[in-house]
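Fold and contact review
The residues making up each chain are set out below.
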Amino acid sequence: MKSFLFIFTIIAITIGGYFYYNPKIVEAPKFTLQGKVEVASRLLKNAQANNVACSIIAKNEADVPIAIKRVINPTFPLEFNITKEDLLIDSYEGAIKMEVQINSHGALGVLKSGDIFGESAQTYESGSKDILVVADKMMGKPTLIADRNKSNFFRTAAR
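Keep in mind the model is a prediction, meaning the values are calculated, not measured.

Moving on: the pattern of salt bridges. By the definition in use, this model includes 5 salt bridges. With its nearest N and O atoms 3.4 Å apart, the salt bridge here joins E38 to K36. The salt bridge involving K69 is made with D86; its shortest N-O contact spans 3.4 Å. Note that K69 is positioned in strand β3 (residues 65-72) and D86 in the loop between β4 (78-83) and β5 (97-103), a separation of 17 residues in sequence. When its relative accessible area of 26% is taken as the criterion, K69 is described as partly exposed. According to the relative accessible area criterion, D86 is buried, its value standing at 15%.

Another point: the nonpolar core. I56, M98 and I102 are the most contacted members of the largest nonpolar core, which has 29 residues in total. When residues of this core are traced back to their parent elements, those giving at least two are β1 (32-39), β2 (53-59), β3, β4, β5 and β7 (131-138).

Attention shifts here to the environment of Y92. With respect to the helices and strands, the residue Y92 is situated in the loop between β4 and β5. A relative accessible area of 17% places Y92 in the buried class. For the pair formed by Y92 and K30, sequence separation is 62 residues and the distance between their alpha carbons is 9.7 Å. Separated by 2.9 Å, the side chain of Y92 and the backbone oxygen of A95 make a polar contact.

Cut-offs and rules
- Residues numbered from 1 in each chain as written.
- Predicted model: local features only at pLDDT ≥ 70, side-chain atom pairs only at ≥ 80, totals over all residues.
- Heavy atoms only, no water.
- Salt bridge = Lys/Arg side-chain N within 4 Å of Asp/Glu carboxyl O.
- Helix = DSSP H or I, 4+ residues; strand = E, 2+ residues; numbered from the N terminus.
- Buried < 20%, exposed > 50% of the residue type's maximum accessible area, 1.4 Å probe, protein only.
- Core = buried A, V, L, I, M, F, W, Y, C linked by side-chain atoms within 4.5 Å.
- Polar contact = N/O pair within 3.5 Å; in protein donor to acceptor, adjacent residues only side chain to side chain.

Laid out in structure tokens, this is it:
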């Protein structure tokens, strides 16, 4: 009986060691990005209006979206956690650019008048935490306005 228990223990240790040290069986690292979206104070009222969607977009170095997280009727600052479920592809390893688009029409990649957008200042890797994405621009059509001296100036397209 003692020899049976000894053999069983040796087999269990051997199998456990095989699965622990075999790199082919070890699970690949999980894709996660955690951080916060902030909006410039001058745009905050528009960003938190009713029926607004905030899309947090992770892109590869060629500016192709690899993951998208969408939040309806957000409040800012907005904490986000992008996981493997948000990936548009099976997996990704490499530099990641972060962007944010806030709009009420729901279309991504098409900036219309009133859309708020921004990007992170640096690139990240999968597993990064404390990512900061700042939405500080708004699309708008240039409009002619009059100043106090009765001369005309153009407003810029992105405020």
